[in-house]
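# Structural overview for review
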Amino acid sequence: MTNRYPERTALAQRMSRLAREELRHFEQVRSIMDDMDIPFERLTASRYAGGLRKAMRQEEPYKLLDMLLIGALIEARSCERFARIAPRLPEKLGRFYGGLLASEARHFEHYVAFAKSECGVDEAEINARLEELKAIEASLISDPDDEFRFHSGAPAL
Ligand SMILES: [Fe+2]
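Residues numbered from 1 in each chain as written. Predicted model: local features only at pLDDT ≥ 70, side-chain atom pairs only at ≥ 80, totals over all residues.

### With respect to the overall build of the protein chain
Heads up, the rule is: Going along the chain from the N terminus, every DSSP run of H or I of four or more residues is numbered as a helix, and every run of E of two or more is numbered as a strand. The size measure is the radius of gyration over C-alpha atoms, and the globule rule it meets is 2.2 Å times the number of residues to the 0.38 power. Residue burial here comes from a neighbour count, namely the number of other C-beta atoms, placed from the backbone, that lie within 10 Å of the residue's own C-beta, with 20 or more meaning buried, 12 or fewer meaning exposed, and in between meaning partly exposed.
Looking only at helices and strands, the protein chain features five helices and zero strands. In sequence order, the protein chain lays out its α and β elements as α-α-α-α-α. In terms of overall dimensions, the protein chain is globule-like: its C-alpha atoms have a radius of gyration of 17 Å, near the 15 Å expected for 157 residues. Projecting the C-alpha coordinates of the protein chain onto the three principal axes gives extents of approximately 50 × 40 × 25 Å. A buried classification covers 18% of the 157 residues belonging to the protein chain.

### Some remarks on helix α4 (residues 91–118)
Under the convention used in this document: Here a helix's expected span is defined as the number of its residues, less one, multiplied by 1.5 Å. Note on contacts: each residue gets a C-beta atom placed from the backbone, and two residues are in contact if those atoms are within 7 Å.
When the terminal C-alpha atoms of α4 are compared, their 40 Å separation across 28 residues agrees well with the 40 Å that a helix rising 1.5 Å per residue should span. Three or more residues of α4 are buried, namely L100, E104, H107, Y111, F114 and A115. In this structure, the buried side of α4 is in contact with α1 (9–35), α3 (62–85) and α5 (123–142).

### A look at the nonpolar core
To keep things clear, this is the line we draw: What makes a nonpolar core is a set of buried Ala, Val, Leu, Ile, Met, Phe, Trp, Tyr and Cys residues, with links drawn between C-beta atoms within 7 Å.
Counting 18 residues, the largest nonpolar core has L65, L68, L69, A72 and A115 as its most contacted members. Mapped onto this core, the elements with two or more residues apiece are α1, α2 (47–54), α3 and α4. When residues in this core are grouped by element, the largest group, eight residues, is from α3. Setting aside anything within four residues of it in sequence, one finds L68 in contact with Y111, F114 and A115.

### So, the environment of D66
By secondary structure assignment, the location of D66 is in helix α3. Taking the C-beta count within 10 Å as the criterion, D66 has 22 such neighbours and is therefore assigned buried. As a C-alpha pair, D66 and L100 span 34 residues in sequence and 24 Å in three-dimensional space. Each residue touching D66, except ones within four places of it in the same chain, is listed here: A55, M56 and R57.

### Observations regarding the packing of α3 against α4
Spelled out, the test is: Angles shown run from 0 to 180 degrees and are taken between the N-to-C directions of axes, each axis being a line fitted to C-alpha atoms and, for helices, limited to the stretch in contact. An angle below 35 degrees is read as roughly parallel, one above 145 as roughly antiparallel, one from 65 to 115 as roughly perpendicular, and any other as oblique. Take the far helix as the reference: if the near one is turned anticlockwise from it by less than a right angle, the crossing is left-handed, and if turned clockwise, right-handed. Residue classes follow a fixed rule: Ala, Val, Leu, Ile, Met, Phe, Trp, Tyr, Cys and Pro count as nonpolar, while Asp, Glu, Lys and Arg count as charged, and any other residue, Gly among them, counts as polar.
Contact geometry for α3 and α4: axes closest at 8 Å, N-to-C directions at 160 degrees. In terms of orientation, α3 lies roughly antiparallel with respect to α4. Seen along the crossing, α3 lies across α4 with a hand that is left-handed. Residues that form the contact of α3 with α4 fall into these classes: 19 nonpolar, three polar and three charged.

Following this line, the structure appears as structure tokens:
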């Protein structure tokens, strides 16, 4: 988003900060994996983000609006899943996941705020679109899924 909309100063700056925070999380996760002797393993992308991206409209300002709403949904779902996992982990790891959860909650709020301030679309239309995207998202996390990933659907047996 920083690359796509550099002329939108507030959005570009916020997304740049958000990207740095996510990269910092990547570094922390890699260190924890090394500490725990867990080798890095390359995984194929789950259907989740791609499935949501397919719903993104291509004409502006709806492209930006959809991108922001999809970002908000991904952050909210990540937050929910971290909240479920954190209490079941060893204490140190649980605390780390708890921190990720707080970040994702903040990111969700940034995406929603920008959806309202940057797109020039009225709030009723934003809410209606959010409901449509939520329905797509719900099927991606609940329909049978062959792959096991952080945002997978129900296991296909
Ligand atoms: Fe995030």
